[in-house]
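# Chains, contacts and geometry: an overview
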Amino acid sequence: MDLHTITTVRRPRCPEEVETWADGHAWLAGGTWLFSEPQVHTDTLIDLEGFGWQPLQVTPEGLKIAATCRVVQLDQFQAPPEWSAAPLIPICCRSFLASYKIWNEATVGGNLAMSLPAGPMIALTAALEGTCTLWSRDGAKRHVPVAQFVTGDNQNILQPGELLRSVFLPQAALEKTFAFRRFTLTHQGRSEALLIGTRDPGDGEILLTVTAATLRPYQFRFAAGVTSAQVRGALDAAIADDMYLDDTHGSPRHRKHLTYLFAEQIRAELSGEHS
Amino acid sequence: MKLRVNGQEFDREPAPGQCLRTYLRDLGWFAVRKGCDAGDCGACTVWFDGRPVHSCLVPAFRAENREVTTLEGLAPDGQLHPMQESFLQAQAFQCGFCTSGMIMTCASLGEEDKQDLPFRLKGNLCRCTGYRAIEDAVRGRAVVDEDVAGRACGSNIGSTFATGLVRGREHYTMDCAIDNLLHVKVVRSPHAHAKVLRIRQDAAKALPGVRLIVTWEDVPRKPFTTATHDEYHCNPDDTYLLDNVVRFRGQRVVAVYADSEAIAEEACRLIEIDYEVLPAVFDPEEAMQPGAPQLFPEGAAARIDDPARNIFKHTESEIGDVARGFEEADEVYEGEYFTQRVQHVHLETHGSIAWKSDDGRIHVRTDTQTPHLIQEKLAYLFSLDPKSLHVFSERVGGGFGAKQEMLTEDLCVLGVLKTGRPTKWEWTRGEEFIAGPGRHPYQMRVKLGARRDGTLTAIELRAVSNTGAYRNHGGEVLAAALRSPVETYRCPNKKGAGYAVHTNAIPAGAFRGFGRTQTTFAIESAIDELAEKLGIDPIEMRRINMLREDRAPGAEGSTKIYGADQCVDFVEQALNSGRGEPKPAGDMWREGRGIAIHFHESSPPSQHRSQADLFLGPNGTFHLANGLAEFGNGSMNAIRQIAAQVLGVRAADVETVVADTDRTPYDAGTFACAGTSVSGKAVELAARALKDRLIAAAARRLGCPVADGKLIDGHVVFAGQSIGFAELYRQTPQADQEFHVTRLAVATPNSPAFLVQGFRVAVNTDTCEIRILQSVHAVDAGTVLNPMQLAGQIEGGIAHGIGTTLFERVVIDEEGEVLNATLRNYRIPAFADIPRSEIYYADTRDPAGPMGAKAMGEAPIIPISAALGNAVKDAIGVRLSSLPFSADRVYEALYDSELDWPGLNKRWTAELDQAEQLTELQRDNVRHADEAPSEDVPNEALEKS
């Protein structure tokens, strides 16, 4: 929609050109959320497009995804064959409520920065043990695990003006096996619960990532041979009832139910049990 | 900024925050439409350097040096892209508002993409079709028949506007460029019930570009109702243009007129209003309690039945003796049912544009279902001569009852009267949710009694509707709710009590089904429950009790009017056929089936009139004018088919004009299935009269007996002789008068139509998902005038019914605020949500209806909720009594049920309950990842990358 309060659009060629930051400024990546709601407290858009960041970089250590990488680019990424967890990428891309047409503009960083519980790029990068690189306006950099970057429904640790530069997925995580479970109230709708488990091929450790059902991502590491009771106990201990999201895409009780159901299914699948 | 659009160079600066959609529309590319303005509906889809995008989300400045393609430029001038041709051949639209985006999306799909249409089309919403026709188009299936003289009725004649639509050349309300426009925005109440004490507008007035600010003190204190109906007393006046009392959160309080929407919005934010907040009530049962806040304390002047208890309309009636009927029953069932507030979600939001022409007349271009009634209402409100007002529509993007209201036209005309400038008001999607009409929520208690053999002995229904702050249609909706769903069954003892109650909720209004959907949900669920108590098959239970041929109203005469028996048979056979999807694998899936029926009394509840004007032109073609509205209902096409059939010509030989108070005679509007049944009847009467005159005139000229005359392919034909219409016109004195007729039709009499919906479903007892495996719908619609259009109407009704049954719900908090006022959060069915339905037509003919047709506009939605509820009950043994049945709400119902669920996660939680408590050792096995030490992060790797 037209954002009537915007008076200025800046299109810098590098972040260093953006020396000042004020209330009313907003980074513009794909724009697919910014332009989907009135933004009456925003007057200046600062376009990231001109930075020309390379969307995807495969290194010996893993995969670096620029914040400005469009979802369509990530979806079409051809992963090295030994990255057994790479099929999670297109699966998570298909876990958007938004149409694939919107992926043509929407960015991975935008989905993280929005920090909505159902953000599938959060689920993907958290499950693959991603780390965010953040750049503040004073030039300082910091690295934060994705699971700690998002702190609540539409809340994260970004400071005013701080820029999400990239997400790095380590090779070790990309070489794990995985299990994926998702539920939506309407077909291809917004995730009511999205859980991913990965299993370390070496020691059999399971990393369970709970998203969409909860206000922020939760992660659990389980040693090989973890039991149903242990998984349930861990969920009970970590996630308070009021941390399950309540909105039109699912009730808290149903989200909790699905979380427990899917967690157990993932445990059984990754443990090689018949569920 | 330079860019190319459809191969043409443009150079124009966008506003800083402008999106590509409005930028393109400002350049005149009107096929790029606004449905949701938030990326959810896809109506604005264009190609951006060849890739499809939702242009409402693309910053316009990013189009610099880019190539944009809109529907208008998809094919070279005068040609059609193959996908445009496919949409034409499949008639893959009804109102057509989604068509631009739909074609631009489908035309971008490769063959592999077309294998996954549920995914590829999830970003394109269509509220009308139910998507079957769209799938046909993508698959290249042609449905349209050739337009052959004498065979117009019964053929799949394509819509009058089809070609223009697929080429992007049809114009909806906002698709026009008018200079010097004023834009309206309103300040809406943040309180559900309050008095307006003071309005401070200085800051807003000082804003450059603000031309007019209007409050309750500046408008005529003249009550009216926003509801439009031929019968004035249906909906007593209860509303002012602007009021100093607000009765729901979202009610308009101040109107601002400015040179741009941006300025008008800014001015609205600068206006400060002091309110005295009053206590509010949202539940109709609470509103009827003594001491509840009173919405209309002025008493009798408000013309409501019981002002102290907020009861707008109370109706009660009994035939036979219900108490005795229950005494005679072997089994009695009693249950409570609830239906939620849902929204129409017509893709074109409400909006209108008004201006004054040099001759002083005011023209109102609007998206309405009732152009003539809007004209009358505006004339009353502003004390104008109706002749000085011209109300019309071009294309209208859906209605479903929501456009049987005057919601925008009044403030536009006010702007014209006060400033002389053309004035436009276009609602946002959010405004539809917070201030537009929705469906009346109903709380119902139904009690049925029957003998052991299944014969009903008593039916009792109590229905309480929440009509909200104003009464828009509330009384008539209640009347309809209490009528045909109860009349569907023969029973000597029936009692109904209804209350349409004012609360501080958003006003409800006319909605496809008009109250019958709600009470049918209760009654048809109860019939299944009673059948179960009696051990009788639910389909058999209906055969035993449903209206029979000899009892059907209007059944006198020899023709087959009655088709209920055929419909029930069709659905039963289809459900038994093994067609449809199989039950998914796994013990957690339970399969069930259910049906629901409805005898549809189709006429508008009160008087409804329509006039048809038909004449032969000198060139031998006909001109038909009728005031109905075409918003996807297909009525415009149906009436020209009727005229063409009677006159023996091709449908294309009948030039048809609708929805224009200057060019068409009076018509009470298109709702309550009146398009075919009343307008169609007027057209049939006019066509028959004109036919008689043509034959008589030809018989005179040729010296033939009148009785031998026939109209065949543009000629009056006698044995051995014929004369073409153009020639007959030339030879007939005063042909312009001789061959010009006008006829009037009223709503009655008509015969009930009949519908049956059947579903097979599977319910996942783990996740609580309901999956539709098979959908079957049978209708007794009399003569089918246009099978393709009727199928579309039925499929659209089923889809609307599935959405409102399985997930649609307007969520309102305790302060009256709507929490999901976007299509992102109020989901309507997408392609993936709707199964293909089998559709069957009973072989009947209605002697009262036009060409033997019955009315079938809104009815197919009515049995959907109950049929789904009955199928779910059959599958899992739990009666869902509160809509919608989204998986989370099903979970609540199962969770609270006392049945033992092998599914749900009790399967493993039960096992766990026996398990020991976690030992300390086991706890060590479990580490919360949030506690992960920061050295886990491979900083080194990051720095290198």
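Reading the values: rules and limits
Residues numbered from 1 in each chain as written. Chains lettered and ligands numbered in written order. Predicted model: local features only at pLDDT ≥ 70, side-chain atom pairs only at ≥ 80, totals over all residues. Heavy atoms only, no water. Helix = DSSP H or I, 4+ residues; strand = E, 2+ residues; numbered from the N terminus. Rg over C-alpha atoms; globule rule 2.2 N^0.38 Å. Buried < 20%, exposed > 50% of the residue type's maximum accessible area, 1.4 Å probe, protein only. Contact = heavy atoms within 4.5 Å. Areas by Shrake-Rupley, 256 points an atom, 1.4 Å probe, with all protein chains shown as cover. Lys, Arg positive; Asp, Glu negative; His and termini not counted. Charge placed at Lys NZ, Arg CZ, Asp CG, Glu CD. Expected span 1.5 Å × (residues − 1). 1 Å grid on protein atoms, 1.4 Å probe; cavity = no way out; pocket = protein on both sides within 12 Å on 5 of 7 lines; lining within 4 Å. Points joined across faces, edges and corners; volume = space filled by probe spheres on them. Nonpolar A, V, L, I, M, F, W, Y, C, P; charged D, E, K, R; others polar. Pairing = 2+ DSSP bridges. Axes fitted to C-alpha atoms, helices over the stretch in contact; angles between N-to-C directions. Buried area = accessible area lost by both parts, 1.4 Å probe. Salt bridge = Lys/Arg side-chain N within 4 Å of Asp/Glu carboxyl O. Polar contact = N/O pair within 3.5 Å; in protein donor to acceptor, adjacent residues only side chain to side chain. Phe/Tyr/Trp six-rings, centres within 6.5 Å; stacked < 30°, edge-to-face > 60°. Domains from an automatic or database assignment.

### Brief notes about the overall build of chain B
- Counting its regular elements, chain B contains 27 helices and 32 strands.
- Its C-alpha atoms give chain B a radius of gyration of 29 Å, within 12% of the compact-globule value 30 Å for 945 residues.
- Each of the three principal axes of chain B carries a C-alpha extent, and together these read 110 × 75 × 65 Å.
- Buried positions account for 65% of the 945 residues belonging to chain B.
- Partitioning the contacts of chain B with sequence separation of at least 6, the portion at a separation of at least 24 is 78%.
- Of the roughly 32600 Å² of accessible surface on chain B, a fraction of 47% belongs to carbon and sulfur atoms.
- In chain B, 101 side chains carry a positive charge and 132 a negative one; their mean positions are 4 Å apart.

### Brief notes about helix α14 (residues 474–487) of chain B
All names here are of chain B.
- Relative to the 20 Å expected for 14 residues at 1.5 Å per residue, α14 spans 20 Å between its end C-alpha atoms, a close match to the ideal helical length.
- Among the 14 residues in α14, 11 count as buried, and that is most of the element.
- Each element contacted by the buried residues of α14 is listed here: β12 (311–319), β18 (442–450), β19 (456–468), β20 (494–502), α15 (516–534) and β21 (589–600).

### A short note on the layout of surface pockets
- By volume, the second largest pocket amounts to about 970 Å³.
- Lining the second largest pocket are 40 residues, and of these H187 of chain A together with E769, I770, R771 and A832 of chain B lie nearest its centre.
- At six residues, strand β30 (residues 770–780) of chain B tops the list of elements feeding residues into the lining of the second largest pocket.
- In the lining of the second largest pocket, the residues fall into 19 nonpolar, 11 polar and 10 charged.

### Considering the sheet that holds strand β27 (residues 721–724) of chain B
Residues and elements named next belong to chain B.
- Spatial ordering of the open sheet is given by β25-β26-β27, a layout of three strands whose pairing is antiparallel. The open sheet has two edge strands, β25 (710–712) and β27, and neither has a second partner. Each strand axis lies, on average, 30° off the axis of its neighbour in the sheet, ignoring direction.
- Two elements, β25 and strand β26 (residues 715–718), share three bridges in a ladder whose sense is antiparallel. For K710, the partnering residue across the bridge sits in β26 and is V717.
- Contacts between helix α19 (residues 674–702) and the sheet are confined to β25, β26 and β27, with β26 contributing the most and set at about 60° to the helix.

### Some thoughts on the environment of T805 of chain B
All names here are of chain B.
- Within the element layout of this structure, T805 appears in helix α22 (residues 787–806).
- Residue T805 is classed as buried on the basis of its relative accessible area of 0%.
- The spacing of T805 and Q340 is 465 residues in sequence and 9.4 Å in space, taken between C-alpha atoms.
- Here T805 is in contact with I864, S865, L868, L883, P884 and F885, once residues within four sequence places are set aside.

### Brief notes about the interface of chain B and chain A
- Contacts between the two partners involve 79 residues from chain B and, on the opposite side, 78 residues from chain A.
- Carbon and sulfur atoms supply 57% of the area that chain B and chain A bury against each other, a total of about 6900 Å² over both sides.
- Joining chain B to chain A, the criterion identifies five salt bridges.
- The salt bridge partner of R62 of chain B is D47 of chain A, with a shortest N-O separation of 2.5 Å.
- Taken together, chain B and chain A are joined by 30 residue pairs in polar contact (both at pLDDT 80 or more).

### What about the side chain of Q84 of chain B?
Residues and elements named next belong to chain B.
- Looking at where Q84 falls in the secondary structure, it is placed in helix α2 (residues 82–90).
- Judged by relative accessible area, which is 2%, Q84 ranks as buried.
- From its side chain, Q84 meets the backbone nitrogen of H81 in a polar contact 2.7 Å long.
- Once you skip the residues sitting within four places of it in the chain, Q84 turns out to touch L71, L74, A75, Q79, I103, V166 and R167.

### Looking at the pairing of strand β3 (residues 45–48) of chain B
All names here are of chain B.
- Both faces of β3 are covered, namely the face carrying T45 and W47 and the face carrying V46 and F48.
- Where β3 lies against strand β4 (residues 51–54), four bridges are found, and the strand directions are antiparallel. Within β4, the residue paired with T45 across the bridge is H54.
- Linking two consecutive strands that pair antiparallel, namely β3 and β4, is a turn of two residues; a positive phi of about 50° is found at D49 within it.
- Across two bridges, the pairing between β3 and strand β5 (residues 67–69) is antiparallel. Looking at β5, one finds that W47 is bridged to T69.

### Section: the pattern of salt bridges
- Overall, the coordinates contain 81 salt bridges over all chains when judged by the stated rule.
- Ionic pairing is found between R609 of chain B and D230 of chain B, a salt bridge with its closest N-O pair at 3.3 Å. Here D230 of chain B lies in the loop between β8 (210–214) and β9 (245–246) and R609 of chain B lies in strand β22 (residues 609–616), a separation of 379 residues in the sequence.
- A salt bridge links R309 of chain B to D306 of chain B; the shortest N-O distance between them is 3.7 Å.
- Residue R309 of chain B is classed as partly exposed on the basis of its relative accessible area, which comes to 36%.
- Judged by its relative accessible area of 22%, D306 of chain B falls in the partly exposed class.
- Through salt bridges with shared partners, a single network forms among R11, D47, E49, R70 and E105 of chain A together with R51, R62 and E64 of chain B.

### Quick word on the environment of S84 of chain A
Residue and element names in this part refer to chain A.
- Along the chain, the position of S84 falls in the loop between α1 (71–75) and α2 (88–93).
- Relative accessible area serves as the criterion here: at 30%, S84 is assigned to the partly exposed category.
- Here the alpha-carbon distance between S84 and L174, two residues 90 residues apart in the chain, equals 6.3 Å.
- Sequence-distant contacts of S84, that is, excluding residues within four places in its chain, are made with L174, E175, K176, T177 and F178.
- There is a polar contact of 2.8 Å between the side chain of S84 and the backbone oxygen of K176.

### Some remarks on the packing of aromatic side chains
- For the structure shown, the criterion picks out 24 aromatic pairs over all chains.
- Measuring from centroid to centroid gives 6.5 Å for F96 of chain A and W103 of chain A, while their planes differ by 45°, and the two rings are tilted. As far as burial versus exposure is concerned, F96 of chain A and W103 of chain A are alike and both buried.
- Seen in terms of ring centroids, F599 of chain B and F754 of chain B are 4.5 Å apart; in terms of plane orientation they differ by 50°. Their pairing is tilted.

### Description of the domain arrangement of chain A
Residue and element names in this part refer to chain A.
- Taken as a whole, chain A is organised into domain 1 (8–49), domain 2 (51–172) and domain 3 (177–270).
- Between the C-alpha centres of domain 2 and domain 3 there is a distance of 20 Å.
- Counting residues at the interface gives 25 residues for domain 2 and 22 residues for domain 3.
- Carbon and sulfur atoms supply 69% of the area that domain 2 and domain 3 bury against each other, a total of about 1900 Å² over both sides.
- Our count for the contact surface shared by domain 2 and domain 3 stands at one salt bridge.
- Between R221 and E129 there is a salt bridge, and its shortest N-O distance comes to 3.8 Å.
- Applying the counting rule to domain 2 against domain 3 returns four residue pairs in polar contact (both at pLDDT 80 or more).
- Within the residue set of the side of domain 2 that touches domain 3, elements represented by two or more residues are α2, α5 (120–127) and β8 (150–152).
- By residue number, the principal contributor to the side of domain 2 that touches domain 3 is α5, which donates five residues.

### Focus: empty space enclosed by the protein
Residue and element names in this part refer to chain B.
- Scanning the model with the defined rule gives 10 cavities of 30 Å³ or more in all.
- Along its surface, the largest cavity is lined by 38 residues, and N633, Q793, M856, G857 and E858 are the ones closest to its centre.
- Listed by contribution, the elements that provide at least two residues to the lining of the largest cavity are α18 (635–647), α19 and α22.
- Grouping the amino acids of the lining of the largest cavity by side-chain chemistry returns 17 nonpolar, 18 polar and three charged.

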